[in-house]
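Working through the structure, step by step
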Amino acid sequence: VSKQMLEQALRALQPLCTAEQQFIEKFFQLSQGAADLQVLEVSVRTMSSPVPLAKEPTSRLLSEIFSCLESELRGFLDVCNKVHTFGCLQVLVTMSDSIFEMWDSSSALPSSFLNTVLGNMLLLAKSSFNKCIGTLCKEIEEAKMPSKMKGGILPSVSRFEEFVNFSEEVFRTARRRGELDKAHLRLAGSVFSNINSLSSANLKVNTDMVMMENFHHVHCFLCQKQIHCLEDKKREAKQRYSEHMEKYVIKYLGQPLEKLNHFFEGVKARVAQGVKEEEVSFQLAYSKQELRKVIEKYPGKEVKKALEALYRKIHKYLSPEENLLPVVWHAMEQEFIRQYQEFEDLIRRCYAGSGIAMDFTMEDLLSYFNSITRS
């Protein structure tokens, strides 16, 4: 409603100012030259206090006649801004479009007086818009994760989506969207900053999991919206989502085979320090006997149970709306296979001829994952 009223008011201004301008120019014969300015000066004095008439007497006189126009328009814009949380977007689009429409449709250019007034109003609309974006950026950056929230989409991400959806609808038919593109980039920066701040937050849930889900959500949202100025942000969101999924997978995968991981990390460290591969087994902490002890702690049945428990845990914490469980579980399977192959390779190189092998084979491992996925 405020949009229609503002458009109506702006449309009524041009013919009014143009008619008044034409009357003044004709009545005071302003086209005849500067010599007749004295006539105008006397006329102006009869209406109000004297004004210094410079190069554009018509504009000066119109300023006197419509002296309250600018303050009235300011008040009107202020009301329009307050009608809706993001009312300043509507005001900016309406002001900008109306001015361009006025210039396009006018056979003669509108008076410099009206140009000045509307130009000032457009600056005011831009200023209100920028203030609104600044406040929203701060709100998004400082948004806290709800204390009882176990994961899922952050309030800052939802707020960003809400603004983008609304603003894209408002600017759908706008002639120019430069201001909106700048705002989108600022807000995207703020939402990324808020997600990144979780890394130092004391959360009860896995931080990498929450960051992975939220960057994934932002990426999907930007893919759907296809906003040109946010292409780089879309790529960055995808990269960050992949990074945090990798961290999440590796962090959680250390748990089912924790002691084996620890043992072989030590083996790799000795080799890196210069110990020959065939001599690693002569070190007390990494002897064949010690390796057998660690392997005995991981019979196939126990590994399968540990994987089942891990799946339940991931299923419990991942938010259903993102549907990342199949993706994460597949990544976990790939990482688990990579670790298994690395352990086998280290046994072959550092414990050659010992006959030591893990209690489960690669085929067993694949069958564990398949049965868990099916169930």
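Reading the values: the criteria
Residues numbered from 1 in each chain as written. Predicted model: local features only at pLDDT ≥ 70, side-chain atom pairs only at ≥ 80, totals over all residues. Heavy atoms only, no water. Salt bridge = Lys/Arg side-chain N within 4 Å of Asp/Glu carboxyl O. Helix = DSSP H or I, 4+ residues; strand = E, 2+ residues; numbered from the N terminus. Buried < 20%, exposed > 50% of the residue type's maximum accessible area, 1.4 Å probe, protein only. Phe/Tyr/Trp six-rings, centres within 6.5 Å; stacked < 30°, edge-to-face > 60°. Lys NZ or Arg CZ within 6 Å of the ring centre and 35° of its normal.

Looking at an unreviewed UniProt entry, one finds the protein named EXOC1 protein, with Psophia crepitans as its source organism.

1. Focus: the pattern of salt bridges
With the rule as written, the count across this model stands at 22 salt bridges. Between Asp 232 and Arg 235 there is a salt bridge, with its nearest N and O atoms 2.5 Å apart. Pair noted here: Asp 232 and Arg 235 are both in helix 10 (residues 231–253), with a separation of 3 residues, about one helical turn. On the basis of relative accessibility, which here comes to 54%, the residue Asp 232 falls in the exposed class. With a shortest N-O distance of 2.9 Å, Glu 342 and Lys 268 are connected by a salt bridge. Placement of Glu 342 in helix 14 (residues 325–350) and of Lys 268 in helix 11 (residues 258–272) is noted, with a sequence separation of 74 residues between them. One network of salt bridges, with partners in common, ties together Glu 265, Lys 268, Glu 335, Arg 338 and Glu 342.

2. Details of the packing of aromatic side chains
Summed over the entire model, instances satisfying the criterion amount to 13 aromatic pairs. A centroid spacing of 5.1 Å and a plane angle of 90° characterise the contact between Phe 86 and Phe 163, whose relative ring orientation is edge-to-face. You can see Phe 86 sitting in the loop between helix 4 (69–83) and helix 5 (87–105) and its partner Phe 163 sitting in helix 7 (residues 155–170), a full 77 residues away along the chain. In terms of burial, Phe 86 and Phe 163 fall into one category: buried. Among the aromatic residues, those joined into a cluster by ring pairs are Phe 263, Phe 264, Tyr 286 and Phe 343. When the ring centre of Phe 192 is taken as origin, the NZ or CZ atom of Lys 233, which lies over that ring, is 4.8 Å away.

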